[in-house]
Amino acid sequence: MNLEFAVRLTEIMLGFAFLQQSLEHIASPRKEQILFFPRVVLSFLLIIGFQTPWVCLALVILGLFILHRFQGPYNGGSDRMGLLILCCLCLISFMPNLQWQEYIFGYLALQVMLSYFISGWVKIVNPEWRNGRALKDVFLFSAYPVAESFRKFADYPRLLGLASWGVILFELAFPLTLLTQQTLMVGLGIAAAFHLANAWLFGLNRFFWIWLASYPSILWLQTRIFGQ
Amino acid sequence: MLHSLQLLLPALIPSWRFFDVISPSPRIEFILLKSVQDAGDQWHQLRPNPARLSFTTMLHRLLWNPDWNESLFLVSCAERMIENPTKDTEQEILDRIKFDLKKNGSQVRKINYLQFRLVFISRDRDGLRKEILFTSAIHPCAEDAVS
C-alpha cells in the first residue's frame with residue numbers, strides 16, 4: 001500500500017466516521033447542533049476529496065471548539081483517536097516533502113500499535129486483570145454493559161478469566177503482527193472483531209469506526225518497513 | 001483557545017491506558033420537587049439500562065447510538081464532578097436531565113424544582129457498595145436552559 005493511497009483511504013474512512021458521529025448529535029440540544037452541522041458538511045467534503053488540506057484544517061479548528069464546548073473529549077478515547085488521525089492528515093497535507101509526510105503517517109501508525117500494546121501492558125501488570133476480577137467488575141457494576149442481561153456474564157469467572165487473558169495476550173502481541181502482511185491482516189481482523197465486541201456489549205460504536213479508519217496507516221507502515 | 005489546545009494535547013500524545021483499573025462507577029439520580037422545602041424521597045435513575053436488547057436493536061446501534069453515547073458523556077461529567085467540580089459541569093448534567101424530561105414528555109411544567117445526586121457503585125467484600133458523593137443544589141426547572 002503506497003502512501004498516497006493509504007492517506008486517501010484514511011481520509012475517506014475518517015470522513016465516514018466523523019459523519020456518523022456528527023449525525024448522532026443532530027437530535028441534541030441546539031447549542032451542540034451549531035457545532036455539528038458544519039462538521040457534517042466538512043466530513044462530506046473530506047470523503048469526496050474537495051480541498052482536503054483546508055477541510056482538514058477547518059475540522060481541526062472545529063475540533064478545538066468541540067473540545068472547549070464539552071471541556072474535553074465527548075467520548076473519551078474514540079474522540080482522541082479521531083483528533084489524532086485528523087491532525088496527522090492535516091499536517092501531511094501541508095508538509096513540503098514526502099519524507100515529512102512519511103514521518104507523520106508513521107507516527108500515526110506507531111500510535112495505533114501503541115494503543116493496543118500499552119492497553120495490554122497496563123492490564124498485565126494489574127493482578128485484578130490477571131485473575132479476571134477486573135473484567136468481572138466491568139460486567140458487575142460499571143456503566144458500560146448496554147443491557148442488564150449482560151451483567152449475568154459476571155457469574156462466569158472462568159469465562160471472564162479466559163477472555164481477560166485473551167485480550168491481554170492479543171494486545172501485547174499486536175506489534176509482532178507487523179512482521180508480515182499476512183500476520184498483520186490477521187491481527188487487524190482480530191482487533192476489528194475485538195472493537196466490534198466492545199461496540200456490541202458496551203455500546204462503544206464510535207471506537208469501532210474510528211479505529212478502522214486508523215488501519216491504513218499501519219498497513220502502509222508494514223509495507224514501508226518490510227516491503228511485503 | 002489556549003485551554004482548547006491543552007485539551008488537544010492528550011489526543012496528540014495519547015496515554016492509551018484503557019480500563020487499567022475499574023474505578024467506582026457513577027449513576028446519576030434526580031428528584032422532582034414542587035417547592036424548595038419539599039422533602040421528597042423519590043429519586044429516579046437517569047437513563048436506566050434496559051433489561052435486554054434485541055439483536056436488531058444492537059445491530060442498529062452500531063450505526064446509530066446517540067443516546068448511549070450521551071450517557072457515556074454523562075458518566076464522564078459525573079466523574080469530573082468528583083475529581084474537579086465546576087459549575088459548568090454541574091450545569092451540563094442539569095441541562096441534560098431537563099432535556100430528557102422534556103423529550104420524554106414528562107410533566108416538567110407542573111414541577112418547579114429539580115435536584116440531582118451522583119451515586120458511585122463499587123465492589124465491596126460481600127457485594128456492591130453505593131456511595132452518594134455529590135448532591136446538587138435545588139434548581140428551578142426553567143425550560144430555557146435546555147435549548
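Details of the structure are given in the entry above.
Let me sum up the structure you'll find in this document. Note that the structure is a prediction, hence the values are computed from the model and not measured.

### Here's the deal with the overall build of chain A
At step 1: Each helix and strand in chain A was counted, giving 10 helices and zero strands.
At step 2: Written out in order from the N terminus, the α and β elements of chain A read α-α-α-α-α-α-α-α-α-α.
At step 3: For 228 residues, the compact-globule estimate of 2.2 N^0.38 gives 17 Å, and the C-alpha radius of gyration of chain A, at 19 Å, lies within 12% of that figure.
At step 4: Oriented by its inertia axes, the alpha-carbon framework of chain A measures out at about 55 × 50 × 25 Å.
At step 5: Scored against the burial criterion, the 228 residues of chain A give a buried share of 56%.
At step 6: Intrachain contacts of chain A at a sequence separation of at least 6 include 67% that bridge at least 24 residues.
At step 7: On chain A, the mean spot of the 15 positive side-chain charges and the mean spot of the 11 negative ones are 5 Å from each other.

### Things to note about the overall build of chain B
At step 1: Of regular secondary structure, chain B possesses four helices and five strands.
At step 2: Written out in order from the N terminus, the α and β elements of chain B read α-β-β-α-α-α-β-β-β.
At step 3: Counting the 147 residues in chain B, one finds 44% classified as buried.
At step 4: Across chain B, every contact between residues at least 6 apart in sequence was considered, and the portion connecting residues at least 24 apart equals 59%.
At step 5: Counting 19 positive and 18 negative side-chain charges, chain B places the averaged centre of each group 4 Å from the other.

### Observations concerning a nonpolar patch on the surface
At step 1: On the surface, Ile61 and Phe65 of chain A together with Met1, Leu2 and Leu5 of chain B cluster together to form a nonpolar patch covering roughly 520 Å² of accessible area.
At step 2: Of all elements in the fold, only helix H3 (52-70) of chain A together with helix H1 (2-12) of chain B reach the threshold of two or more residues within the nonpolar patch.
At step 3: Structurally, the position occupied by isoleucine 61 of chain A is in helix H3.

### Here we look at the interface of chain A and chain B
Many descriptions give the size of an interface as the accessible area lost when the pieces come together.
At step 1: Facing the 64 residues of chain A at the interface are 53 residues of chain B.
At step 2: Of the roughly 5,300 Å² buried at the junction of chain A and chain B (both faces included), carbon and sulfur atoms supply 63%.
At step 3: If you sort the residues of chain A by the area they bury against chain B, Leu64, Phe141 and Trp200 of chain A come out on top, with a joint share of 14%.
At step 4: Joining chain A to chain B, the criterion identifies four salt bridges.

### What to know about the packing of helix H2 (residues 30-48) of chain A against H3 of chain A
All names here are of chain A.
At step 1: Between H2 and H3, whose axes approach to 10 Å, the crossing angle comes to 155 degrees. Relative to H3, the element H2 lies roughly antiparallel. You can see that H2 and H3 cross each other, and the crossing is left-handed. Where H2 abuts H3, its residues Glu32, Leu35, Phe36, Pro38, Arg39, Leu42, Leu45 and Leu46 lie against Thr52, Val55, Cys56, Ala58, Leu59, Leu62, Phe65, Ile66, Arg69 and Phe70.
At step 2: For the contact of H2 with H3, a count of residues per class yields 14 nonpolar, one polar and three charged.

### Let's talk about the pairing of strand S4 (residues 128-135) of chain B
Residues and elements named next belong to chain B.
At step 1: As judged from the seven bridges shared by strand S3 (residues 113-123) and S4, these two strands associate in the antiparallel manner. The partner of serine 122 across the bridge, within S4, is arginine 129.
At step 2: Taking the residues between adjacent antiparallel strands as the criterion, S3 and S4 are bridged by four residues.

### Considering unusual backbone geometry
Residues and elements named next belong to chain B.
At step 1: Of note in this structure, phenylalanine 19 is not a glycine but carries a positive phi near 50 degrees.
At step 2: Structurally, the position occupied by phenylalanine 19 is in the loop between H1 and strand S1 (25-33).
At step 3: Of note in this structure, arginine 47 is not a glycine but carries a positive phi near 50 degrees.
At step 4: Here arginine 47 is to be found in the loop between strand S2 (44-45) and helix H2 (55-61).

### Here's the deal with the pairing of S1 of chain B
Consecutive side chains of a regular strand alternate in pointing toward one face of the sheet and then the other.
Residues and elements named next belong to chain B.
At step 1: Counting buried positions along S1 yields eight of nine residues, so the element is predominantly enclosed.
At step 2: Strand direction decides the pairing type here: S1 and S2, joined by two bridges, are antiparallel. Residue pairing across strands places phenylalanine 30 opposite histidine 44, the latter belonging to S2.

### Let's talk about the environment of aspartate 126 of chain B
Residues and elements named next belong to chain B.
At step 1: Along the chain, aspartate 126 falls in the loop between S3 and S4.
At step 2: According to the relative accessible area criterion, aspartate 126 is exposed, its value standing at 82%.
At step 3: Placed 44 residues apart in sequence, aspartate 126 and isoleucine 82 show a C-alpha to C-alpha distance of 25 Å.

Quick notes on the rules
- Residues numbered from 1 in each chain as written.
- Chains lettered and ligands numbered in written order.
- Predicted model: local features only at pLDDT ≥ 70, side-chain atom pairs only at ≥ 80, totals over all residues.
- Heavy atoms only, no water.
- Helix = DSSP H or I, 4+ residues; strand = E, 2+ residues; numbered from the N terminus.
- Rg over C-alpha atoms; globule rule 2.2 N^0.38 Å.
- Buried < 20%, exposed > 50% of the residue type's maximum accessible area, 1.4 Å probe, protein only.
- Contact = heavy atoms within 4.5 Å.
- Lys, Arg positive; Asp, Glu negative; His and termini not counted.
- Charge placed at Lys NZ, Arg CZ, Asp CG, Glu CD.
- Patch = residues over 30% accessible without salt bridge, like charges linked within 9 Å, V, L, I, M, F, W, Y side chains within 5 Å.
- Areas by Shrake-Rupley, 256 points an atom, 1.4 Å probe, with all protein chains shown as cover.
- Salt bridge = Lys/Arg side-chain N within 4 Å of Asp/Glu carboxyl O.
- Buried area = accessible area lost by both parts, 1.4 Å probe.
- Axes fitted to C-alpha atoms, helices over the stretch in contact; angles between N-to-C directions.
- Parallel < 35°, antiparallel > 145°, perpendicular 65-115°, else oblique.
- Left-handed = near helix turned anticlockwise from the far one by under 90°.
- Nonpolar A, V, L, I, M, F, W, Y, C, P; charged D, E, K, R; others polar.
- Pairing = 2+ DSSP bridges.

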